[in-house]
Protein chains: 2
Amino acid sequence: MKRTSRDIRTANRYEVLRQIIAGSPVSRQELAAATGLSLATVATLVGELLDLRMITEVGFEDSAGGRPRGLVAVDASGGALVGVDIAETYVHVELFDLALNVLARAEEEVRPGESRPERVVGQVAAAVGSVVARAGIGADRVLGVGVSVPGQVDRDTGVAAYAPNLDWHGVPLLDLLAEHLAQPLYLDNPLRACTVAELWFGAARGRGDAVVVNLGTGVGAGLALGGGLHRGVSNSAGEWGHTTLVLDGRPCHCGNHGCVETYVGAPGIMQNIRELDPGSALLHPADQTATVDALARAVAAGDPVALKVVRETARYLGAGISDLVNLLNPQVVVLSSWVASRLGEPLLDEVRAAVARHALRRPLAATEIVLSPIPTDPVSLGAATFALEGALQGAGQRSRATAARGRAVAGAPPA
Amino acid sequence: MKRTSRDIRTANRYEVLRQIIAGSPVSRQELAAATGLSLATVATLVGELLDLRMITEVGFEDSAGGRPRGLVAVDASGGALVGVDIAETYVHVELFDLALNVLARAEEEVRPGESRPERVVGQVAAAVGSVVARAGIGADRVLGVGVSVPGQVDRDTGVAAYAPNLDWHGVPLLDLLAEHLAQPLYLDNPLRACTVAELWFGAARGRGDAVVVNLGTGVGAGLALGGGLHRGVSNSAGEWGHTTLVLDGRPCHCGNHGCVETYVGAPGIMQNIRELDPGSALLHPADQTATVDALARAVAAGDPVALKVVRETARYLGAGISDLVNLLNPQVVVLSSWVASRLGEPLLDEVRAAVARHALRRPLAATEIVLSPIPTDPVSLGAATFALEGALQGAGQRSRATAARGRAVAGAPPA
């Protein structure tokens, strides 16, 4: 959608806070140099962040003769953020301070057949209550709760439109949560959560266009274009897993054939093993995680079949990533999510080689392919970042009390 | 790359001029309503365009009792723009007034083996001289010359980096042209020219994210995201023709196999005919244009083989376009260039059906697929639009004399 001057002000506010989080304590002059903004603009934005009590003045820098420069730093105690990762088999909740350090974690199991929305909502509410209590902070200091749910979501109405693996269709998730939680609530999906986490704290930070390739059970490509998330007109951009790699190839649960996901998602990798070595000891038929773990261990041990499986998977992955490189010409491609982190460097090396064979020379030369450097769960970090962005969006214009504006169903904010 | 407040001001300037071109005469109040900008912002931007003499005051609107509202309109005689379309077999040049009406056209043939850069540059210079003379305007009233050349271009240095069909490698095209032409010069490729033409005057106008699918000898997808052209980090985004549709499929001149282009570019369509009916009378072996024309005529006559060829081509095209829909979630997909315009509605109908079979429901529901509504050559129109954007970029900040700033080799502007 079209960007406005207001979007730019919001983006600048994000950028200044990112720099403060990365480099506290820091002077306004350093912030201006790091962001390319004018000192006057930085001073205004810093003032807004001080008003929001997200940052604080922490003294003066020594200066050689000139006027001493005031330093600001994140006020870690100025508020807290919650990130909720609702997945097919668990609900994972983390509470962060404003420097995005984890203060507390909670996890609830979602058993097969027990994913009714009301039940999961109860688990989320309990886990949020638990992390807030354990961190010993007041619920009124939680600036917002970001929620990630798989599949297609409608952020504006807070509805989980379609989550096949949970069997959710049009679930008014934030309405249901608002019955339990008083904080402003924000909804999106894991693909976009991981991407915003990379934009703020990972490999996409400060880069031009970036693509975050998520490799899990499903696969997708979060698009960070022009310094922000590219959502598309109905918030469903990034369905790279359902682009065609082999016309008339393997059947996909989306109804199509030959989708990227059927070759490089965890079940696709299991199929690659089956095709290369039908009786392989690597295969744990009903357990994707165990299979990928076994594959990773076998690769580390130099097992030739495992190496072949990784090479074949990387051949598919390299072709699919080359499509992204040729089409979007990004500065960086980040491999994220559990399959990427478990297979790690050996997969990365093979992928780089495969992309070098497939991609056009000019975009290839401009692109770096890396593993995600984010050490914790990127989904809950990203979900909390959505809440942080929500809290920042209104800075300078309105109080926290209306921070969830734009979504009519937001819970009433705490006094 | 990251957008700045200055980019937004430039985009707003574009938008106001677009609205004035579309709706002259028009009041500032109507412009504010149409663009969503404040009346104060519109008044400032209109003032800049008046200073540039691109628009003019044309009297007052009747108003029921209130203060009469001043009307502005494009000053068609306020300047002229030249669009140059350098293709494999011809050089096509058009001169436009500021409402982007064509005032004069010239064409020069490029014969096989006669595409040396110096020779083509001479042809461009002669054709530009010819259109300026025939339109009877002074060369000093030409605000800029936009040049489109196939392949990979470096806009900042004005170098045609790689144009395989012309056998050009690293040709300093704008330096060479500046020896003949005194106007500010702008370089880009046909894919981006068509896309910017759709953004200003075609189906992408006023839309959110749009994709312009170019179907010619080669194929590509111009990306109009967030109201502007998505160029990527090295200005090579859009190489959809070299994304993989059939892994290990037909060999492509890029060195890869199974690229979209090998199935839906004009030579790919010829191959589709060969595979369906090896001795087909539709085939003119050495002539793509004649073959596509014969195919279009046979479809119109209801020839069953021709219908089958279009259906098969649309099957490939539908899968490739679904990839764009799933990945980018655009509001509109525009089919452009000569193959699309010659095969027209019959191809469009089959493509829509094929995309409906392939794409995911949510992005599919948000996307319209249309034929380009631009009635003239979109490449020269787009190239002239680059010159118009160049002239606007500096509005309010600097005079026309420095309009080519940012490219060191720009010809000295006329006095």
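Criteria and thresholds
Throughout this description, residue numbers start from 1 for each chain and increase along the sequence as written. Chain A is the first chain written and ligand 1 is the first ligand written, with later ones labelled in order. This being a predicted model, a pLDDT of at least 70 is required before a residue's local features are given, and a value of 80 or more before pairs of side-chain atoms are given or counted; all residues contribute to the totals for chains, interfaces and linings. As a rule here, side-chain values cover all heavy atoms of the structure and leave hydrogens and water aside. In short, DSSP must find at least two bridges between two strands for them to pair. Under the scheme used here, helices are H or I runs from DSSP no shorter than 4 residues and strands are E runs no shorter than 2 residues, and both carry numbers assigned from the N terminus. Axis definition: a line fitted to C-alpha atoms, limited for helices to the stretch in contact. Angles are taken between N-to-C directions and run from 0 to 180 degrees. The criterion used for residue contact is that any of the two residues' heavy atoms lie within 4.5 Å. Think of it in three bands: residues with accessible area under 20% of the maximum for their type are buried, residues over 50% are exposed, and the middle band is partly exposed, with areas taken using a 1.4 Å probe on protein chains only. Here the buried area means the combined drop in accessible surface, using a 1.4 Å probe, for two parts upon being joined, counting both sides. Salt bridge, as applied in this entry: a Lys or Arg side-chain nitrogen positioned within 4 Å of an Asp or Glu carboxyl oxygen. Here a polar contact means two N or O atoms within 3.5 Å. Within protein one must be a hydrogen donor candidate and the other an acceptor candidate, and residues neighboring in sequence count only if both atoms are side-chain atoms. Ten residue types, Ala, Val, Leu, Ile, Met, Phe, Trp, Tyr, Cys and Pro, are classed as nonpolar, four, Asp, Glu, Lys and Arg, as charged, and the remainder, Gly among them, as polar. Each copy is superposed on the other by least squares, with the fit set by C-alpha atoms of residues at a pLDDT of at least 70 in both. The criterion is simple. A nonpolar core is a set of buried Ala, Val, Leu, Ile, Met, Phe, Trp, Tyr and Cys residues joined through side-chain atoms within 4.5 Å. Note on angle classes: values under 35 degrees are labelled roughly parallel, values over 145 roughly antiparallel, values of 65 to 115 roughly perpendicular, and the remainder oblique. Crossings are classed by handedness, with left-handed meaning an anticlockwise turn of the near helix from the far one by less than a right angle and right-handed meaning a clockwise turn.

Residues and elements named next belong to chain B. Pairing is mixed across the open sheet formed by five strands, whose spatial order is S6-S5-S4-S7-S11. Edge positions in the sheet fall to strand S6 (102-109) and strand S11 (185-188), since each of these pairs with one other strand and no more. Here the strands of the sheet are splayed against their neighbours by 15 degrees on average, with no regard to which way each runs. Contacts from helix H4 (residues 117-135) reach strand S4 (80-86), strand S5 (90-97), S6 and strand S7 (142-148), with the element oriented near 150 degrees to S6.

All names here are of chain A. Summarising burial for strand S15 (residues 332-336): five of the five residues are buried, a large majority. Here S15 shows a buried face lined by Val332, Val334 and Ser336 and a second buried face lined by Val333 and Leu335. Here five bridges tie strand S12 (residues 210-215) to S15, and the two strands are oriented parallel to one another. Paired with Val211 across the strands is Val333, a residue of S15.

Now for the sheet that holds strand S9 (residues 159-163) of chain B. Residues and elements named next belong to chain B. Within the open sheet, the three strands sit side by side as S8-S9-S10. Their pairing is antiparallel. Strands with a single pairing partner mark the edges of an open sheet, and in this sheet they are strand S8 (152-154) and strand S10 (168-171). The average undirected angle you get between the axes of adjacent strands in this sheet is 15 degrees. Pairing of S8 with S9 involves three bridges; the strand directions are antiparallel. Within S9, the position partnered with Val153 by the bridge is Ala160.

Each partner contributes to the interface: chain A provides 57 residues, whereas chain B provides 57 residues. Approximately 4600 Å² of surface area, both sides summed, lies buried where chain A meets chain B, with 55% of it carried by carbon and sulfur atoms. Across the chain A-chain B interface, the total number found is two salt bridges. Here A:Asp248 makes a salt bridge to B:Arg315, at a shortest N to O gap of 3.2 Å. Linking chain A with chain B are 26 residue pairs in polar contact (both at pLDDT 80 or more), by the criterion used here. Secondary-structure elements contributing two or more residues to the side of chain A that touches chain B are helix H1 (5-23), strand S8 (152-154), strand S13 (219-225), helix H10 (304-328), helix H11 (338-358) and helix H12 (361-366) of chain A. Residues that form the side of chain A that touches chain B fall into these classes: 23 nonpolar, 22 polar and 12 charged.

Residues and elements named next belong to chain B. Position of Arg192 relative to the elements: it lies in helix H6 (residues 190-201). Take Arg192: its relative accessible area is 4%, and that puts it in the buried class. Residue contacts for Arg192: discarding those within four places in its chain leaves Val153, Leu229, Arg231, Asn235, Ser236, Ala237 and Phe386.

We now examine the relation of the copies chain A and chain B. Superposing chain A onto chain B takes a rotation of 180 degrees plus a shift of 0.0 Å along the axis, which leaves an RMSD of 0.1 Å. The relationship between the two copies is best expressed as a two-fold rotation axis. Every residue of chain A has its C-alpha some distance from the rotation axis, and the shortest such distance is that of A:Val246, at 2.3 Å. Here 100% of the interface residues in chain A have copies in chain B that are interface residues too; the copies meet face to matching face.

Another aspect to go through is the nonpolar core. Ranked by size, the top nonpolar core spans 98 residues in total, and within it A:Leu215, A:Trp240, A:Ile321, B:Leu215, B:Trp240 and B:Ile321 carry the most contacts. Discounting chain neighbours no more than four positions away, the residues touching B:Leu215 are B:Trp240, B:Val264, B:Leu317, B:Ser336, B:Ser337, B:Trp338, B:Val339, B:Ala340 and B:Leu347.

This part is about the packing of helix H9 (residues 288-300) of chain A against H10(A). Residues and elements named next belong to chain A. For the pair H9 and H10, the least separation of the axes is 8 Å and the interaxial angle reads 115 degrees. Overall, the two elements H9 and H10 adopt an arrangement that is roughly perpendicular. Considering only the axes of H9 and H10, their crossing is left-handed. Taking contact as the criterion, the partners of Leu295, Ala298 and Val299 in H9 are, on H10, Ala306, Leu307, Val309 and Val310.

Once that is clear, we can look at the side chain of A:Arg250. Residues and elements named next belong to chain A. Tracing the backbone through its elements, the reader meets Arg250 in the loop between strand S14 (228-229) and helix H7 (261-264). For Arg250, a relative accessible area of 12% translates into the label buried. Within the local environment of Arg250, its side chain forms a polar contact with the backbone oxygen of Thr262, the two atoms lying 2.8 Å apart. Aside from chain neighbours lying at most four places away, what touches Arg250 is Asn256, His257, Gly258, Cys259, Thr262, Tyr263, Gly268, Gln271, Asn272, Glu275 and Tyr316.

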